[in-house]
Protein chains: 2
Amino acid sequence: MSLSSYLSAFDDRDWETDASGTVRFALVGLGWWTVDEALPAVADSDFCEATVFVSSSREKARDVAADVDTAAAALTYEAFHDGAASGEYDAVYVCTPNATHLEFTRTAAELGKDVLTEKPMEATAPRAAEMVRVCEAEDVALAVGYRMQTEPVIRRVRDLVRDGVIGDPRFVHSENTQRLLDIFADPDQWRLDPELTGYGSSVMDLGIYSINTTRFLLDADPVAVQATMRSEHDAFDDVPDERAALLVEYEGGVDATFTTSQRAHDGSYLELTGTDGRVRIEPAFHMETDFRLTVDDRTVDVDTPTTNQMTEIFDYAAHGFLTDTPLELDGAHGLVDMQTVAAAHAAAGRGERVRVDEK
Amino acid sequence: MSLSSYLSAFDDRDWETDASGTVRFALVGLGWWTVDEALPAVADSDFCEATVFVSSSREKARDVAADVDTAAAALTYEAFHDGAASGEYDAVYVCTPNATHLEFTRTAAELGKDVLTEKPMEATAPRAAEMVRVCEAEDVALAVGYRMQTEPVIRRVRDLVRDGVIGDPRFVHSENTQRLLDIFADPDQWRLDPELTGYGSSVMDLGIYSINTTRFLLDADPVAVQATMRSEHDAFDDVPDERAALLVEYEGGVDATFTTSQRAHDGSYLELTGTDGRVRIEPAFHMETDFRLTVDDRTVDVDTPTTNQMTEIFDYAAHGFLTDTPLELDGAHGLVDMQTVAAAHAAAGRGERVRVDEK
């Protein structure tokens, strides 16, 4: 393959068939991510339409719906749970605090709607397992919004790894850090409230990108975790991990180290070393992504146009819902990340290696 | 300071005084590193001269000495221990298998000679502690050849860290990997023999660069270690760490992750993230070194001419010997790395966090 044909096919959707159709979405939780990122992404999508808007406040739901041509209903959470306007949507996008994903997923499943939920799946692994159970019981699809998995750069890096370009994978180093209090100044926000965030803050919110993207690139799951966690700033008094460092062993014998902080220089990268070379993805996790490949003493920098990661994940999920195709990022897949986060917190607390399948 | 004055002063020796003089070195162990790296470095140095050559074979010692104008004697190890030609040298450079450093250091100390030993100090922490003891007892200086500490790039990065340019340090990611069997094909080499190498292979030989350079950059010592080690290839049957991944907590609350392998893509880097920015040193540990600094959304790549790291470390040690200046990289300093490596091996074996000061 020539370099130019490689680049021209770079962002082809290798998962897309010639199926067509539209999935009408109810958007549940109308915070800034839904309004600023998800809604424009759906408008740009091939397979999705936003028809129903669900918020804690009817007024907010109406305000958001007012600007959308395809809007059919604006609901409170209560009305949603009562099944209002359920003829107006085929699937539900859940973008609410972690500990509320289960209740919205349960209602959606009981109404026969497929679900795309934001990551992390829920506040705890048992609640994530219950999400999987209710969706299986009602025979609806459950997708977790791991948008890295449908980001063309990450898919092309996986192709390289699968093709053995860097040899046998050995190590991953990855970091995902931000300044949460610069983004949301309120110390009472839900990401710092254990009732709503779950196990903690930085690993649930940021470290999960490193954990999950490594699974995707290696096609291997975490086996055991060692970890260190620290909270120093007052705002993080109720969560153990203002910042964290994890050493995660993956199937196949790859050792990965992940660092994450809610109060550090804003940045992200993932670097994977094999027996024959190394690939570095940077920036890695924040809507813009490029990579550098080194094999022996040859290096290639690949800098491609930014793809709308939210459009890709919405279309991937909707295409799966329409064609009944099994999704790589389904609930059972997401549950493993929740179990890994749980193991990381247990490991940091006990100062010892904890297996992900520890009961 | 302007960028141009920064660059023009980049490799100034901030440790050098206007002292002058020459330290005559006995070079002990005439393997490729001594012959191809140390000897030319000494020839280029300001404060050093190579006068005595010591090898297991008298013939080899004579062969090496024959090409050196300043040569005064060629000795076997036995003759060295007997004190032969001790009037011809002022200090000893030890570059032999790890487990033999103590005996050469003891002889040197008893002869009143200062010592510059290669890293790691010895095969085990107790033997390294004994080196410190004998040098103190005989009132001679003991320096460990951590050439990163006198590499201008590393010193300038330390300046940046000390000046708070990246804010408070939070995380370090570092990797040091090579293909040992491509460098030395013989599976019976000393680096794979626990009697000579000590605790293991990759952490003792390679990982120690990450451990020590991080100490130097942070001006902080390791507190506790978690680790994973693996050996897969037959040649590594007798050592636990063909490869290893370490999670090391440093004083001041910095979490560092280090990976190292004797059988992976040849490369090295060290990346330090703070609250305000990040600095990446790459390549980091192999005679050539550059760095990239990112603060907020501004990035600077600093690419400077390669300094001969061996000339710098020889002159730094010799300048210290001549002026009786305390050396940052003395025996007590090196001992902490040996204790950290010991803790890493214990941690990997037990699957738990081990304190570096564990007795």
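Looking at an unreviewed UniProt entry, one finds chain A named Glucose-fructose oxidoreductase and attributed to Halocalculus aciditolerans.

**Some points on the overall build of chain A**
Across its full length, chain A holds twelve helices and 15 strands. Whereas a compact globule of 359 residues would reach a radius of gyration of roughly 21 Å, chain A reaches 20 Å, a difference of no more than 12%. Oriented by its inertia axes, the alpha-carbon framework of chain A measures out at about 60 × 50 × 40 Å. When the 359 residues of chain A are sorted by exposure, 61% land in the buried category. Carbon and sulfur atoms make up 45% of the accessible area of chain A, which amounts to about 13400 Å² in all. Distance between charge centres in chain A, computed from 30 positive and 68 negative side chains, equals 4 Å.

**What to know about the relation of the copies chain A and chain B**
Applying a rotation about an axis and a shift along it to one chain copy brings it onto the other copy. When chain A is fitted to chain B, the residual RMSD is 0.0 Å, and the transformation amounts to a turn of 180° plus an axial shift of 0.0 Å. What the rotation and shift describe, once combined, is the action of a two-fold rotation axis. Minimal C-alpha distance to the rotation axis in chain A is attained by Glu-352 of chain A, lying at 2.0 Å. Mapped onto chain B, 100% of the interface residues of chain A again fall at the interface, so both copies present the same surface.

**Comments concerning helix α11 (residues 309–323) of chain B**
Within an α-helix, residues lying three or four positions from one another point in the same direction, as the helix has 3.6 residues per turn. Residues and elements named next belong to chain B. Helix length check: α11 (15 residues) gives 21 Å between terminal C-alpha atoms against 21 Å at 1.5 Å per residue, within 8%. Taken across its 15 residues, α11 has 13 buried, putting it largely inside the fold. The N-cap residue of α11 is Asn-308: its side-chain oxygen and the backbone nitrogen of Met-310 are 2.9 Å apart.

**Focus on the UniProt feature "domain: Gfo/Idh/MocA-like oxidoreductase N-terminal" (unreviewed entry) in chain A**
If you check UniProt for "domain: Gfo/Idh/MocA-like oxidoreductase N-terminal" (unreviewed entry), the listed places come out as residues 23–146 of chain A in our numbering. Along residues 23–146 of chain A the backbone is 40% helical and 23% strand, and the end-to-end C-alpha distance reaches 19 Å.

**Some remarks on helix α7 (residues 152–162) of chain B**
All names here are of chain B. Counting buried positions over the eleven residues of α7 gives nine, a clear majority of the element. Looking only at α7, the buried set comprises Pro-152, Val-153, Ile-154, Arg-155, Arg-156, Val-157, Arg-158, Leu-160 and Val-161. Summarising the contacts, the buried residues of α7 are in contact with α1 (3–8), β7 (169–179), α10 (202–218), β11 (263–274), β12 (277–281) and β13 (291–295). Where α7 begins, the capping side chain belongs to Glu-151, and its oxygen is found 3.0 Å from the backbone nitrogen of Val-153. Looking one or two places after α7, you find Gly-164, whose phi comes out positive at around 80°.

**So, the UniProt feature "domain: GFO/IDH/MocA-like oxidoreductase" (unreviewed entry) in chain A**
Those places that UniProt annotates as "domain: GFO/IDH/MocA-like oxidoreductase" (unreviewed entry) correspond, in this numbering, to residues 154–279 of chain A. Taken end to end, residues 154–279 of chain A is 27% helix and 40% strand, and its two terminal C-alpha atoms sit 11 Å from one another.

**So, unusual backbone geometry**
Here the amide bond leading from Glu-282 of chain A into Pro-283 of chain A is cis, since omega sits at -10°, within 30 degrees of zero. Checked against the element boundaries, Pro-283 of chain A lands in the loop between β12 (277–281) and β13 (291–295). In the segment running from Lys-119 of chain B into Pro-120 of chain B, the intervening peptide bond is cis, with an omega of -15°. By secondary structure assignment, the location of Pro-120 of chain B is in the loop between β5 (114–117) and α6 (125–137). The phi torsion at Asp-139 of chain B lies on the positive side, around 55°, for a residue other than glycine. Overall, the relative accessible area of 71% leaves Asp-139 of chain B in the exposed class. Of note in this structure, Asp-219 of chain B is not a glycine but carries a positive phi near 55°. Looking at the secondary structure, you find Asp-219 of chain B in the loop between α10 and β8 (222–230).

**Details of the packing of helix α5 (residues 101–110) of chain A against helix α6 (residues 125–137) of chain A**
Residue and element names in this part refer to chain A. Following both chains from N to C, one finds α5 and α6 inclined at 5°, their axes separated by 9 Å at the closest point. Here α5 is positioned roughly parallel relative to α6, judged by the angle of their axes. Contacts between α5 and α6 pair His-101, Leu-102, Thr-105, Arg-106 and Ala-109 from the former with Arg-127, Glu-130, Met-131, Val-134 and Cys-135 from the latter.

**Thoughts on the interface of chain A and chain B**
With 45 residues of chain A at the contact, the number on the chain B side is 46 residues. Buried surface at the junction of chain A and chain B, summed over both partners, amounts to about 3700 Å²; 46% is from carbon and sulfur atoms. Our count for the chain A to chain B interface comes out at 14 salt bridges. In this structure, Arg-278 of chain B engages Glu-175 of chain A in a salt bridge whose closest nitrogen and oxygen atoms are separated by 3.9 Å. Looking at the side of chain A that touches chain B, the elements that each hand over two or more residues are β7 (169–179), β8 (222–230), β9 (243–250), β10 (254–261), β11 (263–274) and β12 of chain A. Examining the composition of the side of chain A that touches chain B, we find that nine residues originate from one element, β11 of chain A, more than from any other.

**Considerations on the side chain of Gln-309 of chain B**
Residues and elements named next belong to chain B. With respect to the helices and strands, Gln-309 occurs in helix α11. On the basis of relative accessible area, Gln-309 is assigned to the buried category, the value being 0%. At 3.4 Å, the side chain of Gln-309 and the side chain of Thr-289 are in polar contact. Those residues in contact with Gln-309 that lie beyond four places of it in its chain are Arg-147, Met-148, Thr-150, Glu-151, Met-287, Glu-288 and Thr-289.

**Remarks on the pairing of β13 of chain B**
The side chains of a regular strand alternate, residue by residue, between the two faces of the sheet. Residues and elements named next belong to chain B. Among the five residues in β13, four count as buried, and that is most of the element. Relative to β13, β12 runs antiparallel, the two being bridged by five bridges. Looking across to β13, one finds that Arg-278 is bridged to Thr-294. One ladder, built from five bridges, connects β13 with strand β14 (residues 298–302); its direction is antiparallel. Counted as the bridge partner of Leu-293 is Val-300 from β14.

Cut-offs used in this document
Residues numbered from 1 in each chain as written. Chains lettered and ligands numbered in written order. Predicted model: local features only at pLDDT ≥ 70, side-chain atom pairs only at ≥ 80, totals over all residues. Heavy atoms only, no water. Helix = DSSP H or I, 4+ residues; strand = E, 2+ residues; numbered from the N terminus. Rg over C-alpha atoms; globule rule 2.2 N^0.38 Å. Buried < 20%, exposed > 50% of the residue type's maximum accessible area, 1.4 Å probe, protein only. Areas by Shrake-Rupley, 256 points an atom, 1.4 Å probe, with all protein chains shown as cover. Lys, Arg positive; Asp, Glu negative; His and termini not counted. Charge placed at Lys NZ, Arg CZ, Asp CG, Glu CD. Least-squares fit on C-alpha atoms with pLDDT ≥ 70 in both. Contact = heavy atoms within 4.5 Å. Expected span 1.5 Å × (residues − 1). Polar contact = N/O pair within 3.5 Å; in protein donor to acceptor, adjacent residues only side chain to side chain. UniProt positions renumbered as here; feature names shortened; annotations may be inferred. Axes fitted to C-alpha atoms, helices over the stretch in contact; angles between N-to-C directions. Parallel < 35°, antiparallel > 145°, perpendicular 65-115°, else oblique. Buried area = accessible area lost by both parts, 1.4 Å probe. Salt bridge = Lys/Arg side-chain N within 4 Å of Asp/Glu carboxyl O. Pairing = 2+ DSSP bridges.

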